[in-house]
Amino acid sequence: MAPLFAPPGIEWRRLSPQYLKLKLLMIATVWPILIAIVVAPLAWLEWQSWWMVLLGLVVVWAWRIWRAPRAYRRWGYAETDTDVYLTRGLAWRQLTCVPYGRMQLVNVQSGPIERAFGLASVEMVTSSTSGSISIPGLTPSDAAELRDRLIERGELLQTGI
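Computed from a predicted model, the values in this text were never measured in an experiment. (Residues numbered from 1 in each chain as written. Predicted model: local features only at pLDDT ≥ 70, side-chain atom pairs only at ≥ 80, totals over all residues. Heavy atoms only, no water.)

A. Quick look at the sheet that holds strand S2 (residues 83-88). Spatial ordering of the open sheet is given by S1-S2-S3, a layout of three strands whose pairing is antiparallel. Lying at the two open borders of the sheet, with one neighbouring strand each, are strand S1 (76-79) and strand S3 (94-99). Between one strand and the next, the sheet's axes are offset by a mean angle of 15 degrees, whatever the strand orientation. As paired strands, S2 and S3 are joined by six bridges and run antiparallel to one another. (Pairing = 2+ DSSP bridges. Helix = DSSP H or I, 4+ residues; strand = E, 2+ residues; numbered from the N terminus. Axes fitted to C-alpha atoms, helices over the stretch in contact; angles between N-to-C directions.)

Written out as structure tokens, the structure is:
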């Protein structure tokens, strides 16, 4: 099955380790808040099975923490002279190939939390019905280099960029 999700003779480039730290921090901070929002009213209303809901949500939270490093390791991208490949997914593996001729726009984004972790995302807007492909968790220098390479190759091939 691995060759099905491998780029043709090229090594995958991986996301920054800071991306995993960001994901784990978000899971560790946001999930307890969500759990409290759901469980607190149930306990306050003295619903008899509130602890079962709490237990179920804590199990889902623990599963998310366990799953995050594995999902992070599945992300990767590779470039050829004519295409960009992107892979991701644990249970539902996905390999996406974007020909430079289909790209219309290249966006670089970095929100305040991403900037605090030294991260940026590169988004390629395509002319296909799927819309856009995003590569998250890149260092700013990697994002800038990828952006410049995509634009250069797009111009070289006289595509829509």
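B. Region of the structure containing unusual backbone geometry. Even without being glycine, Glu46 reaches a positive phi, approximately 60 degrees. Looking at where Glu46 falls in the secondary structure, it is placed in the loop between helix H1 (17-44) and helix H2 (50-74). Accessibility expressed as a relative area gives 66% for Glu46, which makes it exposed. (Buried < 20%, exposed > 50% of the residue type's maximum accessible area, 1.4 Å probe, protein only.)

C. Spotlight on the pairing of strand S5 (residues 120-126). Judged by how many residues are buried, S5 sits mostly within the fold: six of seven residues are covered. Taken together, the six bridges between strand S4 (residues 103-109) and S5 define a ladder with antiparallel strand orientation. Along S5, the bridge assignment pairs Met103 with Thr126. Bridge count for S5 against strand S6 (residues 132-138) is five bridges, and the pairing is antiparallel. In the strand pairing of S6, Glu123 is matched with Ser134.

D. Broad picture of helix H4 (residues 140-156). The end-to-end C-alpha separation of H4 is 24 Å, in line with the 24 Å expected for 17 residues at 1.5 Å each. Of the residues making up H4, those classed as buried are Ala143, Leu146, Arg149, Leu150 and Gly154. What you see down the axis of H4 is that its buried residues fit within an arc of 130 degrees, all on one side. Relative to its buried face, H4 has exposed residues pointing more than 90 degrees away, namely Pro140, Glu152, Glu155 and Leu156. For H4, the secondary structure elements touched by its buried residues are S1, S2, S4, S5 and S6. (Expected span 1.5 Å × (residues − 1). Arc of directions from axis to C-beta. Contact = heavy atoms within 4.5 Å.)

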